[in-house]
Amino acid sequence: MKMFDQFLWVIFPYICLAVFIVGHIYRYRRDQFNWTAKSSEFIEKKQLKYGSILFHLGIIPVIFGHIGGLAVPKSWMEAIGVNDHLYHIGAVYIGGIFGMATLAGMLILTSRRFTMKNVRRLSSASDMIVNSLLLFIVFMGMYSTLVTNAVQPEFDYRETISIWFRGLFMFSPDLSLMKDVPLSFKIHILFGFAIFAFWPFTRLVHVWSVPLNYVGRSYILYRRHKSN
């Protein structure tokens, strides 16, 4: 079991992060023409619109919440006046609202991709895998936040998961910290790292293609052709 834990909480995360970095470099150098989200908007717009709005509205605060919870030590939060009670309110209630928006968006987008015939035909295997993985990761995150935290209120991930996570980036992860972490959190973490390994080879790469040049570029004018 010790070797298995060593793989799960030390080797596997480093493999996923290495694939994430090297994979992006390789794809950018070899496959820039396919560095795109491959929009299917021309096939169906309504579900894509609502699903995309909900997902992006929720995922950005969720990401910042993860950064704050994992990267910022508990003592630092307390030093600026954020005690356990305030942090709990932010993580469970505010985080829960944005998490539910993210989950609702992913449910719509995943249902659209799997159930709409024309969208499914346009989708690649990686599209289906990414949608399914993201939906599962978000679901497990919400389950951990709303259910596991209610059942095991004594568990504080900032004293276990967060310290282990920061240890990864200092090349000294303490896998013993993950021993008593609830299963739902473990599943959420492992699949979260897995999506990082898939990232460079899927449409998720479009996240890095922020169209900053759109701000300063000239307007494109469209004129209706008048036939004689």
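These figures come from a predicted structure and were not determined experimentally.

**Brief notes about the packing of aromatic side chains**
Then, in step 1: Scanning the model with the defined rule gives 13 aromatic pairs in all.
Then, in step 2: Arranged with centres 6.0 Å apart and planes meeting at 15 degrees, the rings of Y14 and F171 form a pair that is stacked. Placement of Y14 in helix α1 (residues 2-30) and of F171 in the loop between α7 (161-169) and α8 (183-198) is noted, with a sequence separation of 157 residues between them.
Then, in step 3: Relative accessible area serves as the criterion here: at 25%, Y14 is assigned to the partly exposed category.
Then, in step 4: The exposed category is assigned to F171, whose relative accessible area is 68%.
Then, in step 5: Linked through ring pairs, Y87, F155, Y157 and F185 together constitute an aromatic cluster.
Then, in step 6: Lying over the aromatic face of Y87, R158 brings its terminal NZ or CZ to 3.8 Å of the ring centre.

**A word on the side chain of T110**
Then, in step 1: By the secondary structure assignment, T110 is in helix α4 (residues 84-115).
Then, in step 2: Exposure remark for T110: the relative accessible area of 8% places this residue in the buried category.
Then, in step 3: With residues near it in sequence (within four places) discarded, T110 still touches N131 and L135.

**Focus on the UniProt feature "transmembrane region" (unreviewed entry) in the chain**
Then, in step 1: The UniProt entry lists residues 6-26, 47-67, 87-109, 129-148 and 189-209 under the feature "transmembrane region" (unreviewed entry), expressed in the numbering used here.
Then, in step 2: Annotation note: span residues 6-26, helix share 100%, strand share 0%, distance between end C-alpha atoms 28 Å.
Then, in step 3: Split by type, residues 87-109 is 100% helix and 0% strand. Its first and last C-alpha atoms lie 31 Å apart.

**Description of the environment of A101**
Then, in step 1: Mapped onto the elements, A101 comes out in helix α4.
Then, in step 2: Along the chain, A101 and I59 lie 42 residues apart, while their C-alpha atoms are 8.1 Å from each other.
Then, in step 3: If sequence neighbours within four positions are ignored, A101 has contacts with L54, F55 and G58.

Reading guide: rules and limits
Residues numbered from 1 in each chain as written. Predicted model: local features only at pLDDT ≥ 70, side-chain atom pairs only at ≥ 80, totals over all residues. Heavy atoms only, no water. Phe/Tyr/Trp six-rings, centres within 6.5 Å; stacked < 30°, edge-to-face > 60°. Helix = DSSP H or I, 4+ residues; strand = E, 2+ residues; numbered from the N terminus. Buried < 20%, exposed > 50% of the residue type's maximum accessible area, 1.4 Å probe, protein only. Lys NZ or Arg CZ within 6 Å of the ring centre and 35° of its normal. Contact = heavy atoms within 4.5 Å. UniProt positions renumbered as here; feature names shortened; annotations may be inferred.

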